[in-house]
Amino acid sequence: MTEYYTYAYLREDRTPYYIGKGKKNRIHNTHTKFVKLPPKNRRIILKRFADEDDALLHEVYMIAILGRKSEGGILINQSPGGDKPPICKSQSEETRRKIS
């Protein structure tokens, strides 16, 4: 059984700045130039799921609750979440089209 989870990267004051969905070691992998990987003690798993769709829904929920900075919230997430595969703003439109 593959285990999925949602996770948060925390600022020094312990407030979240990024919410993600992952499996295996995703929480410890670098993302893009927009998401800085914090020290291990500021990476937390929020909730575990047996089903990827449930993890994606929780990711969307958490991003909606905390809000993205671009919309007045506290997170640096580029999308509202739930993306399969995740959408990266640094990818060209052509690359995103090929992925979809």
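Residues numbered from 1 in each chain as written. Predicted model: local features only at pLDDT ≥ 70, side-chain atom pairs only at ≥ 80, totals over all residues. Heavy atoms only, no water.

1. Observations regarding the overall build of the protein
Definition in use: We count a stretch as a helix when DSSP gives it H or I for four or more residues in a row; a strand needs E for two or more, and each element gets its number in order from the N terminus. For the exposure calls, accessible area comes from a 1.4 Å probe over protein chains only, and a residue counts as buried if that area is under 20% of its type's maximum, exposed if over 50%, partly exposed in between. Contacts between residues were defined by any pair of non-hydrogen atoms, one from each residue, lying within 4.5 Å.
Helices and strands together make up the secondary structure of the protein, namely two helices and three strands. For the protein, the N- to C-terminal ordering of α and β elements is β-β-β-α-α. Looking at the 100 residues of the protein, the share that counts as buried comes to 35%. Within the protein, residue pairs in contact and separated by at least 24 positions form 48% of the contacts whose partners lie at least 6 positions apart.

2. Considerations on the nonpolar core
In plain terms, the rule: For this analysis, a nonpolar core means a set of buried residues of the types Ala, Val, Leu, Ile, Met, Phe, Trp, Tyr and Cys, connected via side-chain atoms within 4.5 Å.
Within the largest apolar cluster, seven residues are counted, these being Tyr-5, Tyr-7, Tyr-9, Tyr-17, Tyr-18, Ile-27 and Val-35. Mapped by element, the contributors of at least two residues to this core are strand 1 (4-10) and strand 2 (16-23). It is strand 1 that contributes the most residues to this core, three residues altogether. Grouped together as the second largest cluster of nonpolar side chains are six residues, Leu-10, Ile-19, Ile-63 and Leu-75 included.

3. Looking at the packing of aromatic side chains
Pairs of aromatic rings are described using the distance from one ring centre to the other and the angle between the two planes. Heads up, the rule is: Side-chain rings of Phe, Tyr and Trp, where Trp is taken by its six-membered ring, are said to pair if the distance between their centres is within 6.5 Å; with planes under 30 degrees apart they count as stacked, over 60 as edge-to-face, and otherwise as tilted.
Inspection of the entire model under this criterion finds five aromatic pairs. Members of the aromatic cluster, each reached through a chain of ring pairs, are Tyr-5, Tyr-7, Tyr-9, Tyr-17 and Tyr-18.

4. Some details on the pattern of salt bridges
Stated precisely, the cut-off is as follows: By definition here, a salt bridge exists when the distance from a side-chain nitrogen of Lys or Arg to a carboxyl oxygen of Asp or Glu is within 4 Å.
A full pass over the atoms with the stated rule returns three salt bridges. The shortest N-O distance in the salt bridge between Glu-52 and Lys-21 comes to 2.7 Å. Of this pair, Glu-52 sits in helix 1 (residues 52-66) while Lys-21 sits in strand 2; the two residues are 31 residues apart in sequence, bridging distant segments of the chain.

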